[in-house]
Every structure is written in C-alpha cells, then in structure tokens.
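# A look at the structure
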Amino acid sequence: MIGGILVKAGFAAALASSVLYYLVVRTPHARHLHLARLAYHGSVLFLVAASGVLLNLILTHQFQFTYVWSYSSTDLPLSLLISTFYAGQEGSFMLWALYTSLIGVFLMSYTARKGYEAEVMSVYGLIVTFLMLMLVVKNPFAYIWDTFPGDLLQTGPIPPGVTNAVVLDAAKSLWARFPAEGKGLNPLLQNYWMVIHPQVLFMGFSAMAVPYAMAIGGLWKRDYHSWINVATPWAVFGAMVLGTGIILGGYWAYETLGWGGFWAWDPVENSSLVPWLICVATIHTSLTQRKSGAFVRTNFALSILAFLAVIYSTFLTRSGILGETSVHSFVDPGMWVYWLLLSWMAIFSAVGFGMLFVRMREMPKVPVEHSMLSRDFALFLGAAALTLMSLFVLVGTSAPIITTLAKGKASAVDIMYYVRTNLPLGIAITFLAGLGQLLWWRSSRMSSLVRRLAWPVAAAAVITALVLLLGWEEPLMLLFVFTSAFSLTANMLVGLEIYKGNPKFAGGALAHIGIAVMCIGFVTSERYDQKATLSLEKNKPVPALGYTLTYTGHRMIDAEKYGFVVEVERDGRKREVAPVMYVSEFTQSIMRHPDLVNYLTRDLYVAPMSLEEPTKGPLEQTLELERGTLKTVGGLSVTFRTFDMKGANRDAMMEGKPFEIKMLLDVTEGRKSTSLALRMTSAGGSVEFPVTSYTDKDGATYEFRIGRLRSEQDDMAVPKVEVVARTPADRSAPGKEETLVIEASVKPFINLVWVGTVTLIIGFLLTIIRRVQESHVKDESEV
C-alpha cells in the first residue's frame, strides 16, 4: 500500500509542477516558480521512494506482490535479482520514469541559467506526469490475491515481519495465502548484460524527452534560433546514450542467443534505432542552423519526431500488438494501458506539431547562400538520408500493425527488405560523412577538393581490395566497404589536423571514424563469415575452419546448467570454450548459449546444437540435409530431393488445420536408387513424424523419419532439414562415445564493430564537452 500511495503522490506532484510552471509562463510570479520547483522535486522524491520500496520487496522475496512473484525467485544471484526490478512492464515503466525525473533535476538547473526553465519544465513535467500515470494504471504493488482472485496457488507460511493487518482480508475475514517461491526470471534474461543494457537504453529514452521539451519551449518563447544552442548538448547526450544501449543489446544477442549475429532487424530493436537515427540527423542540421540560420523548421520537426518515435516504440513494445513477431514483445497489458499509450502519442504529437504549425508563419526564411559543393549541402543530404533510413525502418517495423489492419493477422517483413532499402542509404551516408569533412562551409573550389580527395580515395581502394580478397561479394556491398573506408580515411586526416589545433574540436571527426569502422566490421563479420556443423565425439580431434576442436566432456555450472567443454587449437596454441545447454524449468525446453574465442582479427563462435549419447549396436544419427546434398548412412547414400506438398495442405498449415507434408529422399544402394517419402502430419493439435522403413538387398532394415524442418521463410523453400536415421546393428559403425553437435563459425574482423562503438562514444563525449563549454562562454558574454 505504501508503494502505491507514493506513486500516486508522485503523479499528483508532477502534474502540479507542470501546471505551476505553465502559470509562470503565462504570468511570471516568483511564488509560483518556487512552488513549481518544490512540486517537481517532491515528485522525484516520491518516485525514488517508491522505487526503493519495490526494490526492497524484491530483495526480501515478498511474493505476495504479483510483480515480485512474476519475475523473481530465491535462487537468483544478487545482480540478477536486482535486475528483476525492470524485467516486466510495471518495473520498466518505473525505471523509465525514475531516470526521466532524475534528468529533470539537472535540466531544471540548466534551463534556469539559460532562461528557459518555465517553458521547458512545464512540458517536461507533463512527460513525467504521463509516465507516473502509467504506473498508477499498471501498478507494480498489486497483491497476488487481487490479481488472481479465486485461483489456487501453491502456498507457504506467512514470512516473518508480515503483520496480520497486511494479509487479512477484512471484508471476507480470510487469510490471504501466497506462494513460497516466485516464477523466476526468463533464462534468456539471466545474463550480466541484463544488469547493464536495459538501464542504458531507458536512460537514452529519457534523454530523448529533453530536445522535445526544449523545441516546444523555443516555440513557446518565439525563440527560433537560440534554443538550438541550448538543446544541442542534450541531443548529443541522448544520441550517445541511446546508441550505446543499442549496441550493448547487439552484443548481448551475439553472445547469448546462439545464431551468430548481433542485429536481427527485430521490430523492437528497430524501434530503438529509429529515434536514434532521427536524433543524429537533428545534430547535423543543427550545425547548419548554428552557422547560417538555415533549417529552422527542420530542426523543430526533427526534435519533436525523435521523442515521438520513442513513444511509438513504447506502444509497439508494450501494447502487445507485435504478438509473435518479436522476441522482445511484452504480453498484452490490457485495454487501459493500450489506450493510454495511444493517448500519450496523440497528445504529444498534437502539442508538438500543433505549436510548430501555429508558429511556422512567424519563422524567418533564410535564403540559401551555400553552393552544392559545400559542407552545408553535404550536411543537408546526410540528414535527409538518415531521416529517409529511419522512415524505411519505421515502415518495416510497423508491418505487424499494417498487416493486422489489412489482413487481420500480424506478420513481420522479410529481413532482406531492410537490406535492400537501407544499403543504398548507408552507402550515401558513409560517403557524405567523409566528403563533408573535406568541404568548406558555403562553398569549396573543385581543384582544392580534388587534391584533398586523393589520399582518402586511394586508401579506400586499397582497403576494399583487401576485403575483396576474403571472397567475392555483390557490388553494392563492396561499394559500401569503399565508402566506409573513404569516410574512415577522410575523417582521420581531418581529425588529425583538428587535433593539432584544438583536440576538443575533434569529436565530430572521431564519431565519424567510429561509424566507418563499425560499418566495415558489419560487412566483414556478417558477409564473410564461415560456418560448419560438426559432430565432436568425445576426446577425438576434429579439424575445421583452420582450427582443431576436441570435445573433452561436460561440467555442471549450477543446479540445471551444464557447460560442454571444447578445446580449440590453432598454431600450437590451445584455448577453451564451454557453450551451455540445459533443460529450463522455466520454459520446459532446451536452452542453448554459445561461447566464443576472441582473437585480434576474428572470433571463433561455437553454438551447441545437441548432445548424442554413447551408442552401441544399432546407430541412430541425425542428418542435416540441404536440397541436393548427399549423406552416407551405413551402406546407403541418401539425398534430399524435394518436398511434395499440395496446395490444400499448404493452406491448411497456414490456417492451423490438419495437414500432411511429404519429404522425398533418394536412397541409393549400389546402382539401385529408390525414392522414400517421409511424412510430417498434424492433427488434433499434435505433430507426428512417422517412421519410414527401407530394406536393403541383404534383408537388413533401415528406419528414417523427419526430425526438424529448419525453415526461414513462409513458403516451403526450406533450406535445411534434419532427418533421424536408424542403422541396423550389423551395418553400424563401432559404438560411438558421447558426441557434441555444434555449429562453429569464424567472424572475421568483428572486433572492428566493438572498436568502432567505443570510438563513436568518445566522439560523442568530446562533442558534448565542446558544446557545453561554448554555451557557457555565450552565457558569460551575454552577462
């Protein structure tokens, strides 16, 4: 009850602060200003106290609270137990509100010095109010017997310290009972990145509210130029933090999920990328406004859009509309939250663009004074490309909503949509990031530009040639490598010149260097990686991908997890990986976590697939077949030919009705070839894989059945199929030891991605320091 009261008090205080600041704008009064500040600080204190109460409930295992029971358990280590604070809907809203309110404390002091406090804090207080309202509606302090009335729960004794007044239902005069243990944290979230990534991401979301509030403040004050100087350090801060959160999430996926990549174009991943792209576009157009006064309307619109994109991503993630199209999607929160999110988006869209429309006629029109061969024009093109990229990503991300409205069923776009739409824009952006640094403001001479282009173009050609040696790739991808290398070299040359003059001015060049290095790393690690599926029989070395891998056995990590130790040898140097595989009690399914060996120029990535028990006599083996490939089973050769699936069965499968799929195998024995049809049938909600037998010329019987279809598309163009084959005892090889089946892959130059990320963050930091110092100098000059 205390937590709920604190949340409601915080909501009331935030609303009062927003209203009082509004009154200060309308009729400036020192008393109203003082009360507005007190009310805002009060809302922050109430929210900090409520957060402390929730954290205490989690740490003391108070499972009578629904949120604590739903996401925590007594067996979690302290770090993960603390992270359950934001594992669900309610807690993540609490974290977002907490960071937003704390940023507001610093923002209040900052805007007071700049003369923007009342206008900015009135809008910002309204944002905090909506976040607090979300906590009032989605209460993290609900009791479990209120959430599940009448449900029979596994109960335990009342913990020490819980008084009768707390657990006694006065109306019914019954003792409320509650579970002795919580449901626990999803195994995919039981990772140290869970402690870091969500916090950084929500800090980025919170920071995106500041440029929005400052844009509205500028419109309110009819200050169409000075506001951009005040807002720029916060925009850079938001881009830095949100970008860091995005890349940390990518590394988490790479290290944990086992598919070997760090970006899957998942709708929720994309919804974080969209506001980041818009914010970066705003940073670039603000440079031009600071220099020439151009792009006044553009900067207002982009600052508003960046925060609206955050709200939209929240709607996508929290409304449940993504359904099964995203691994990040939360469950349906209920209609109250659904409509509250829609209202939030509508209100702040109306406030932002409404004020922009009202003030638009008053804004000065600055004539274009720059040539096409100028830094101004390059910045404009770069910002336009970033905005267009965010639009393409937004359309793909919104596919579940679009298809729901059009067809009544949510579905995501194919991943290649993002590659086809964004690769040309990525080429343009990286090229302009280099070219813009070589151009002068207003205008540049062609002869001077040609001389400055010589070294970057030559270096880019050499780097592209080196990448080409890894293997031929499509022309657009090589062009992307060329433009990224061009951007890298151009920014290194310009950055070195700037560093010699004033190192604090090198932030932009350093950030561009980071982006260029990351882009080259994206291509080399994703497009030139090598993969192999290996069966590692215990203590038997297997050469693959330039390494020698030996499975040496498994070891217990905790009560349910096992690490499967693989020794990796290359050039006489031995390393060890221990990918994890276990049956999770939480999901009642097999969980797999990869492990990797990091080298300077590559990663060896090992993902576990299955464990085969020691065999004696008849051998049962799993074959991974691609269409047209040949495998040997005993004395037979087996080839996967095609699928035999009629249209009616295809329609039935898509509609969830009973269906049958046939997979045709060509079985060759000597010169004789026979076609076998393996079947997969679905009826009554269950799927069956019947055994199909083959008898060889000597009367021995082989058995085949489908194990798993590894489809990556909606049609039946299945790239891989697993077939389980059982060989007769007298046709089997000698008994096998325990065998670990893995997928090993080499990721060339993936460290470039992480090095580029660190470089980008350092560049952002230098830019923030520079803009803040410039702002202070301007304040002192005005005094």
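No experiment lies behind these values; they were computed from the predicted model shown.

### Examining the overall build of the protein chain
What the protein chain contains, in helices and strands, is 22 helices and 21 strands. A burial count over the protein chain gives 52% of its 783 residues as buried. Considering only intrachain contacts with a sequence separation of at least 6, the fraction spanning at least 24 residues in the protein chain is 69%. Of the roughly 35,800 Å² of accessible surface on the protein chain, 62% is carried by carbon and sulfur atoms.

### A short note on empty space enclosed by the protein
One pass over the full model with this rule turns up three cavities of 30 Å³ or more. Its boundaries defined by the atoms lining it, the largest cavity holds a volume of some 50 Å³. Along the walls of the largest cavity sit Pro211, Trp227, Ile228, Ala231, Thr232, Ala235, Thr282, Ile283, Ser286 and Ser303, which together make up its complete lining. Elements with a minimum of two residues in the lining of the largest cavity: helix H11 (226-256) and helix H12 (267-292). With five residues, the single largest contributor to the lining of the largest cavity is H11. Split by residue class, the lining of the largest cavity holds six nonpolar, four polar and no charged.

### So, the layout of surface pockets
If a probe the size of a water molecule is rolled over the atoms, the empty space left behind becomes visible. Computed from the structure, the second largest pocket encloses a volume of approximately 440 Å³. Forming the walls of the second largest pocket are 19 residues, and the residues nearest its centre are Ser73, Asp75, Leu76, Gln190 and Glu560. Its residues assigned to classes, the lining of the second largest pocket comprises seven nonpolar, five polar and seven charged.

### Here's the deal with the confidence of the model for the protein chain
The predicted model of the protein chain averages 84 in pLDDT, with 87% of residues at 70 or higher. With pLDDT under 50 throughout, residues 152-156 is counted as low confidence; its partners more than four residues away or in other chains account for 13 contacts. A low-confidence stretch, residues 711-718 (pLDDT under 50), is modelled with 16 contacts involving residues beyond four sequence positions or located in other chains.

### Considerations on the pattern of salt bridges
All chains considered together, the criterion is met by 10 salt bridges. Linking Glu576 and Arg555 is a salt bridge whose minimum nitrogen-to-oxygen distance equals 3.4 Å. One end of the pair, Glu576, is in strand S7 (residues 573-577); the other, Arg555, is in strand S5 (residues 547-556), and 21 residues separate them in sequence. Between Lys574 and Glu567 there is a salt bridge, with its nearest N and O atoms 3.8 Å apart.

### With respect to a nonpolar patch on the surface
Taken together, the side chains of Leu15, Val19, Tyr22 and Leu23 present a nonpolar region at the surface, about 300 Å² in accessible area. Classification of Leu23 as partly exposed rests on a relative accessible area of 32%.

### What to know about the sheet that holds strand S16 (residues 672-683)
On the basis of which strands lie adjacent, the open sheet formed by five strands has the order S13-S14-S15-S16-S17 and antiparallel pairing. Two strands bound the open sheet, and with one partner strand each, they are strand S13 (630-633) and strand S17 (686-688). Each adjacent strand pair in this sheet contributes to an overall mean axis angle of 25°, direction not counted. For strand S14 (residues 636-644) and strand S15 (residues 659-669), the ladder comprises seven bridges, and the chain directions are antiparallel. Of the residues in S15, the one forming a bridge with Phe643 is Met663.

### Things to note about the sheet that holds strand S3 (residues 530-537)
Read from one edge of the open sheet, four strands run S3-S21-S11-S10, paired in antiparallel fashion. Single-partner strands in this sheet number two, and they are S3 and strand S10 (595-598). Direction aside, neighbouring strands of the sheet carry axes that sit 25° apart on average. As judged from the eight bridges shared by S3 and strand S21 (residues 739-748), these two strands associate in the antiparallel manner. Among the inter-strand pairings, Ser535 is bridged to a residue of S21, identified as Val741.

### Considering the packing of helix H17 (residues 415-438) against helix H19 (residues 475-501)
Between H17 and H19, the shortest axis-to-axis distance is 8 Å and the interhelical angle comes to 20°. The pairing of H17 with H19 is recorded here as roughly parallel in orientation. Two packed elements cross with a definite hand, and for H17 against H19 that hand is left-handed. Across the interface between the two elements, Leu423, Gly426, Ile427, Thr430, Phe431, Ala433, Gly434, Leu435, Gln437 and Leu438 from H17 touch Leu476, Met477, Leu479, Phe480, Thr483, Ser484, Phe486, Ser487, Ala490, Asn491 and Val494 from H19. When its residues are assigned to classes, the contact of H17 with H19 shows 13 nonpolar, eight polar and no charged.

So, how was this worked out
Residues numbered from 1 in each chain as written. Predicted model: local features only at pLDDT ≥ 70, side-chain atom pairs only at ≥ 80, totals over all residues. Heavy atoms only, no water. Helix = DSSP H or I, 4+ residues; strand = E, 2+ residues; numbered from the N terminus. Buried < 20%, exposed > 50% of the residue type's maximum accessible area, 1.4 Å probe, protein only. Contact = heavy atoms within 4.5 Å. Areas by Shrake-Rupley, 256 points an atom, 1.4 Å probe, with all protein chains shown as cover. 1 Å grid on protein atoms, 1.4 Å probe; cavity = no way out; pocket = protein on both sides within 12 Å on 5 of 7 lines; lining within 4 Å. Points joined across faces, edges and corners; volume = space filled by probe spheres on them. Nonpolar A, V, L, I, M, F, W, Y, C, P; charged D, E, K, R; others polar. pLDDT = per-residue confidence, 0-100. Salt bridge = Lys/Arg side-chain N within 4 Å of Asp/Glu carboxyl O. Patch = residues over 30% accessible without salt bridge, like charges linked within 9 Å, V, L, I, M, F, W, Y side chains within 5 Å. Pairing = 2+ DSSP bridges. Axes fitted to C-alpha atoms, helices over the stretch in contact; angles between N-to-C directions. Parallel < 35°, antiparallel > 145°, perpendicular 65-115°, else oblique. Left-handed = near helix turned anticlockwise from the far one by under 90°.

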